[in-house]
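So you can see what is in the structure, the chains are spelled out below.
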Amino acid sequence: MITSLDKENELETHWMERAFTCLDCFLHDRGGDLHDQPEISPVKSLVAGKEVTLTCTSPGRCAGYPPIITWTGVQGSSTDFQSNYTDGNRTYFSNFTFIAGQRDNQSPLTCTVTFQPSMVTTRKTVILHVEYPPSIKITIGEIVTNESIPFIVKKGESISMHCTVDSNPKAIIKWIMGGQEKNGTLNGNELTYELKNIGLSDAGIYFCSAWNVQGVANKGAEIIVQYPPRTPKIICSMAKSTNCIMEDSNVTYALEGSTLSLLCSAESSPAATVFWIKPDHHIIPPLSSGQLNLPNISLSEEGSYTCQANNTHGMSDASVIIKVTYKPKTLAGENSTCLQDKNNIECTCKIQSFPLAVLQWKIDEKLYTSSYNEKDLNISTVTLNAVTNSTLKVSLPSVLQIQCLASNNYGQLSLLLLSNTPSASNALAIGAACGVIFIVVLFIAGFLIIQYIRKKTLQPKSEDKKEFNTIDSNAIYSNTEYCNGAHTPQQPPTEDEGSVYMNSEDVQYVTINFSKMKAKTDAPETETEYAEIKRK
């Protein structure tokens, strides 16, 4: 009796016999060796980022146990299936699905078929060909650049810029700067551009551009060119100010007492630190603005000021000469004077000014230039630096006043060097003297009159003599008017006029006339300095 268990054993034995028979036949047909390989199809170009499915077909037709089909080399998923034939044989397949990536290009993909239960295997390997757009790497020298970080070079240096492109198929590569293509050297997938003796015009962003059928890529590298400070420029920081005048690049003029502001700047990379050095070599602390302020400037601050700019690559400097302008003034320690000997007068006028003053001489009401030569008048002038020294020699009678006049764009100066016009104090002194003389003369006259009367009273009266009238004011006469400077002899009255004329040889009588004295009026206000007047 055949049980169900016996039937199952019999069926299993049948399948095993068929499997062995199929494999043995399969091997027998090929000379005893399994030379056939699985078939992988379709094998074509893959595109990175896109899903693809490949099929591996087991070799031959078999019955019995199905073979085991496996995939190795690429990450993905597989699905097995089979085709059945009427003769009881089957063909076995496996589909492998994956997303190709750039890293998968030129990678092997293997399909392995393992027959059971003998575990005989056969396999096939294909190399994947994955196309992808370009990717770019830029190196300068040996340094890989970062687009967000500039590459710094010093002016005059040389560098090599390498653009390496990874792509499939091979890409077209170019270096572009400022919209213009730069000629480089291509070696495989690397394009090199050389920058030699770099100048400021070489600074900028360089782009490496690459493209193929799968896409385009661009990557930039910024080149910053650094250099030491250029020659500094110095200007008046207050452009509209009349207190600062720049004649040229190294001379500036400032009005005495004003505030001078100078600005120093120097082109450089990186930015320079600016110092100012005074004429006495004192260094002013560094100023980020480069500003120099000199308030209430004086002559003592004249001189050469140096602006020095420094950075990590070097130093440069420039100098400016500061000259202080001022109106004419007397020379310190030197007096302008006049010496007079009768009609001969010699005057010296010393003036300091910047710019140089125009000097004139004024004799009474007439003006003369600083260079004049006549018989009775000679004027000579010498100028040295900011000092003008002028000498006047005159031989003229009745010179009342001599003035030295000087002027420039900033003011004028008038020096009164000689004045023969009596001043108010002199007039008062003369008046006082005349008053004293008048009193003395009256006293003497009174004394003489008293003596005369006594003498007459002691002598007998004579009829032929006339009585002396003590009240008659015509009895006293002056032979000279001293106070007004005029000399007018007075004639004695005759006897017919009834007055007595005294002997003039014994006594002289004086009258003082103040009617011709003139009060001194105030002169108009002028900027006048009075110098010492010396007489020989």
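Residues numbered from 1 in each chain as written. Predicted model: local features only at pLDDT ≥ 70, side-chain atom pairs only at ≥ 80, totals over all residues. Heavy atoms only, no water.

Let's shift gears to the overall build of the chain. Each helix and strand in the chain was counted, giving two helices and 38 strands. Across the 536 residues that make up the chain, the buried fraction comes to 34%. In the chain, of all internal contacts separated by at least 6 residues, the share reaching a separation of at least 24 is 66%. Accessible surface, the chain as shown: approximately 32,700 Å² in total, 52% of it carbon and sulfur. (Helix = DSSP H or I, 4+ residues; strand = E, 2+ residues; numbered from the N terminus. Buried < 20%, exposed > 50% of the residue type's maximum accessible area, 1.4 Å probe, protein only. Contact = heavy atoms within 4.5 Å. Areas by Shrake-Rupley, 256 points an atom, 1.4 Å probe, with all protein chains shown as cover.)

Below, the discussion takes up the pattern of salt bridges. One pass over the structure, following the stated rule, counts six salt bridges. The closest approach of N and O atoms between glutamate 365 and lysine 362, which form a salt bridge, is 3.8 Å. (Salt bridge = Lys/Arg side-chain N within 4 Å of Asp/Glu carboxyl O.)

Moving on: the nonpolar core. Of all hydrophobic cores here, the largest spans 24 residues; its most connected members are Ile136, Ile159, Met161, Trp175, Tyr206 and Ile223. Elements supplying a minimum of two residues to this core: β9 (130-140), β11 (151-154), β12 (159-168), β13 (172-177), β16 (190-195), β17 (204-212) and β18 (215-226). Apart from residues lying up to four places away in sequence, methionine 161 is in contact with Thr139, Ile140, Trp175, Leu191, Thr192, Tyr193, Leu195, Tyr206, Ala221 and Ile223. Counting residues in hydrophobic clusters, the runner-up holds 22 residues, among them Leu377, Ile379, Cys404 and Leu415. (Core = buried A, V, L, I, M, F, W, Y, C linked by side-chain atoms within 4.5 Å.)

In most cases, non-glycine residues show a negative phi, while peptide bonds are predominantly trans. In this structure, proline 117 follows glutamine 116 across a cis peptide bond, with omega equal to -5°. On the secondary structure map, proline 117 appears in the loop between β7 (108-115) and β8 (120-127). Following asparagine 168, the chain continues to proline 169 via a peptide bond in cis, the omega torsion being 5°. Along the chain, proline 169 falls in the loop between β12 and β13. Positive phi, close to 60°, is recorded for serine 398, a residue that is not glycine. Within the secondary structure layout, serine 398 lies in the loop between β34 (387-395) and β35 (401-408).

Averaged over all residues, the pLDDT of the chain equals 80, while 74% of them reach at least 70. Between residues 1-9, whose pLDDT stays under 50, and residues either more than four places distant or in other chains, the model counts two contacts. In the model, residues 28-32 has pLDDT below 50 throughout and makes three contacts with residues more than four positions away in sequence or in other chains. (pLDDT = per-residue confidence, 0-100.)

The tally for this structure, following the rule as stated, stands at five disulfides. Paired through a disulfide, cysteine 163 and cysteine 208 show a sulfur-sulfur distance of 1.7 Å. Looking down the S-S bond of the cysteine 163 and cysteine 208 bridge, the torsion is -70°, so its handedness is left-handed. Of this pair, cysteine 163 sits in strand β12 while cysteine 208 sits in strand β17, and the two are 45 residues apart along the sequence. You'll find cysteine 163 and cysteine 208 in the same group, each marked buried. A sulfur-sulfur separation of 1.8 Å characterises the disulfide bridge that pairs cysteine 338 with cysteine 347. Taking the sign of the S-S torsion, 110° for the link of cysteine 338 and cysteine 347, the bridge is right-handed. (Disulfide = S-S within 2.5 Å.)

What follows covers a nonpolar patch on the surface. On the surface, Val436, Val440, Phe443 and Ile444 cluster together to form a nonpolar patch covering roughly 390 Å² of accessible area. Locating isoleucine 444 in the fold gives a position in helix α2 (residues 424-458). (Patch = residues over 30% accessible without salt bridge, like charges linked within 9 Å, V, L, I, M, F, W, Y side chains within 5 Å.)

Here we take up the packing of aromatic side chains. Taken as a whole and assessed by the stated rule, the structure comprises six aromatic pairs. Ring centres of phenylalanine 96 and phenylalanine 98 lie 5.4 Å apart, and the angle between their planes is 35°; on these two criteria the pair is classed as tilted. Relative accessible area serves as the criterion here: at 3%, phenylalanine 98 is assigned to the buried category. On the basis of an interplanar angle of 20° and a centroid distance of 5.9 Å, the ring pair of tyrosine 253 and phenylalanine 354 is categorised as stacked. Here tyrosine 253 is found in strand β21 (residues 251-255), whereas its partner phenylalanine 354 is found in strand β29 (residues 344-354), with 101 residues between them in sequence. Residue tyrosine 253 is classed as buried on the basis of its relative accessible area of 16%. Every member of this aromatic cluster is reached through a ring pair, and the members are Trp71, Phe96 and Phe98. (Phe/Tyr/Trp six-rings, centres within 6.5 Å; stacked < 30°, edge-to-face > 60°.)

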